[in-house]
Amino acid sequence: MIAVARADSLIAVFDAKYHYNFWRPITAIRNGDRDDNAETERDPLWRPIADTPMHPEYPCAHCVQASAMCAVLEAALGTTTFSEISMTSTTAPGAERRWTDLKSFINEVSEARVWAGFHYRFSTRVGREMGYEIGKYVVKNLLRPVESASK
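A quick note: this is a predicted structure, and the numbers were derived from the prediction, not measured. (Residues numbered from 1 in each chain as written. Predicted model: local features only at pLDDT ≥ 70, side-chain atom pairs only at ≥ 80, totals over all residues. Heavy atoms only, no water.)

Help me understand a nonpolar patch on the surface, please; the structure alone is not making it clear to me.
Taken together, the side chains of Met1, Val4, Leu142 and Leu143 present a nonpolar region at the surface, about 290 Å² in accessible area. Summarising the element assignment, valine 4 is placed in helix H1 (residues 2–20). For valine 4, a relative accessible area of 30% translates into the label partly exposed. (Patch = residues over 30% accessible without salt bridge, like charges linked within 9 Å, V, L, I, M, F, W, Y side chains within 5 Å. Areas by Shrake-Rupley, 256 points an atom, 1.4 Å probe, with all protein chains shown as cover. Salt bridge = Lys/Arg side-chain N within 4 Å of Asp/Glu carboxyl O. Helix = DSSP H or I, 4+ residues; strand = E, 2+ residues; numbered from the N terminus. Buried < 20%, exposed > 50% of the residue type's maximum accessible area, 1.4 Å probe, protein only.)

Even after reading the chapter, I still don't get the pattern of salt bridges, so can you show me in this structure?
Opposite charge on two side chains lets them pair, provided their charged atoms get close. By the definition in use, this model includes seven salt bridges. Here glutamate 108 and arginine 97 are joined by a salt bridge, their closest N and O atoms 2.6 Å apart. Taken together, the residues glutamate 108 in helix H4 (residues 102–115) and arginine 97 in strand S2 (residues 96–101) connect sequence positions eleven residues apart. Across the salt bridge formed by glutamate 133 and lysine 136, the nearest N and O atoms sit 3.2 Å from each other. Taken together, the positions of glutamate 133 and lysine 136, both in helix H5 (residues 121–142) and three residues apart, correspond to about one turn of that helix. Several salt bridges converge on common partners, so that one network encompasses Glu84, Glu96 and Arg98.

So what exactly am I meant to see when it comes to unusual backbone geometry here?
Keep in mind that most residues, glycine aside, have a negative phi and that most peptide bonds are trans. Cis rather than trans, the peptide bond between tyrosine 58 and proline 59 has omega equal to -10°. Mapping proline 59 onto the fold places it in the loop between helix H2 (25–30) and helix H3 (61–77). Of note, aspartate 36 is a non-glycine position whose phi angle comes to about 60°, a positive value.

Which parts of the structure should I look at to understand the nonpolar core?
As a rule of thumb, soluble globular proteins bury nonpolar side chains together. In terms of nonpolar packing, the biggest core is built from nine residues, these being Ala5, Val13, Ala61, Val64, Ala68, Val72, Ile134, Val138 and Val139. Going through the elements one at a time, H1, H3 and H5 are the ones with two or more residues in this core. With eight residues, the next largest nonpolar core counts Cys70, Trp99, Phe105 and Ile106 among its residues. (Core = buried A, V, L, I, M, F, W, Y, C linked by side-chain atoms within 4.5 Å.)

Structure representation (structure tokens):
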């Protein structure tokens, strides 16, 4: 079920990304003098924390995927809280994150995308909402009770 939610969320998010074709923060900040907004300034030296993905910004794909998968987990577990889950980084030795509820995990995924300089906050909010709706749809349409063999 989680794999279906993840696959559906990827299809939906990339459809949306190429529909809206919104620029990334690196492009907006480095071209602040060309956006027809007198309140923004150009900063040609600004850099995100890592290489920016090479596809449109809106909405946040990590947020959509995380929320879709968590919506399925919430339906399967009947709760958003649990004793603990943890994740270790394959690229940052020793880095480990722990959570005791799904909402904290989703919020951390969202904040990380903003802090990295890849997304705007509105994109993460929309991504979380979009993903949760996709996850609920998958649960409603695919998660069925198991019939007893004794029937």
